[in-house]
Amino acid sequence: MTGPPEPAPDATAPRVVGRGRLGRWRDQVVALGWLVVVWNLLWGDVNWANVLGGLLVGGAVLVFYPLPAVSFGGRLRPGALLVFAGRFVVELVSASLHIARIAVQPGYRPRGAIVAVRLRVTTDLNLALTAEAVSLVPGTLILEVDRDSGTLYLHVLDTHGPADLDVARERTRTVERRIVRAVGSAAELRRVETDRSERGTSP
């Protein structure tokens, strides 16, 4: 009397491994792309030399100083990405003009403040992208990132009272919302949109 037939081997197992490798390669490509973007922003000019330099520096960073595994479970939305880029440029120019006005205003001494902003999406990728986008705008500097609570501590220049601190917090959450709309998952997008509707804030 023979026993029950042995289960057939899972034919999909190699595909799971393949998808895992593909996912790791995709994460590396995304990380390299962001490093190239940051490199060009730091130089203040986008040209072939800076793009090539960013690729070389970013590749060296990923090879010799490998970043911790950051899972990208979102989806790239080109339209939202363009909106994010456009509004980022507008805010960058506006903040630069504001800092220039402070610099040339005789006798004016701006006051700074440290603000804690807790993000809705606490993934490492969202924390890094939001912190980088906020820091690139003149007048705002990230001092510390608390990964456990998903909180950014930032220094804000030229504050006059509690209302300005609330504006800085909402501006940071708005940047986070635009980033999630551009590259976040459906669940992350629902989280930030639900919070926006409850607060009654603008996009």
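In what follows, the structure referred to is the one given above.
Residues numbered from 1 in each chain as written. Predicted model: local features only at pLDDT ≥ 70, side-chain atom pairs only at ≥ 80, totals over all residues. Heavy atoms only, no water.

Comments concerning the layout of surface pockets
At step 1: Put simply, the second largest pocket is a space of about 330 Å³.
At step 2: Along its surface, the second largest pocket is lined by 18 residues, and His98, Thr140, Val156, Leu157 and Arg171 are the ones closest to its centre.
At step 3: Mapped onto the lining of the second largest pocket, the elements with two or more residues apiece are helix H3 (78-104), strand S3 (151-157) and helix H5 (162-183).
At step 4: At five residues, H3 tops the list of elements feeding residues into the lining of the second largest pocket.
At step 5: A per-class count over the lining of the second largest pocket returns eight nonpolar, six polar and four charged. (1 Å grid on protein atoms, 1.4 Å probe; cavity = no way out; pocket = protein on both sides within 12 Å on 5 of 7 lines; lining within 4 Å. Points joined across faces, edges and corners; volume = space filled by probe spheres on them. Helix = DSSP H or I, 4+ residues; strand = E, 2+ residues; numbered from the N terminus. Nonpolar A, V, L, I, M, F, W, Y, C, P; charged D, E, K, R; others polar.)

Some details on the sheet that holds S3
At step 1: With antiparallel pairing, three strands are arranged side by side in an open sheet as S1-S3-S2. Of all the strands in the sheet, the pair left with one neighbour each is strand S1 (112-118) and strand S2 (140-146). Recorded for the sheet is a direction-independent mean angle of 25 degrees between the axes of neighbouring strands.
At step 2: On the sheet, helix H4 (residues 124-135) packs against S2 and S3 and is oriented at approximately 160 degrees with respect to S2.
At step 3: Sitting on the sheet, H5 touches S1, S2 and S3, and the angle it makes with S1 is about 45 degrees. (Pairing = 2+ DSSP bridges. Axes fitted to C-alpha atoms, helices over the stretch in contact; angles between N-to-C directions. Contact = heavy atoms within 4.5 Å.)

Details of the pairing of S2
At step 1: As paired elements, S2 and S3 share six bridges and run antiparallel to each other. Across the sheet, residue isoleucine 142 finds its bridge partner in S3, namely leucine 154.
At step 2: Once S2 ends, the chain turns through four residues before running back antiparallel as S3, passing glycine 150 with a positive phi of about 70 degrees.

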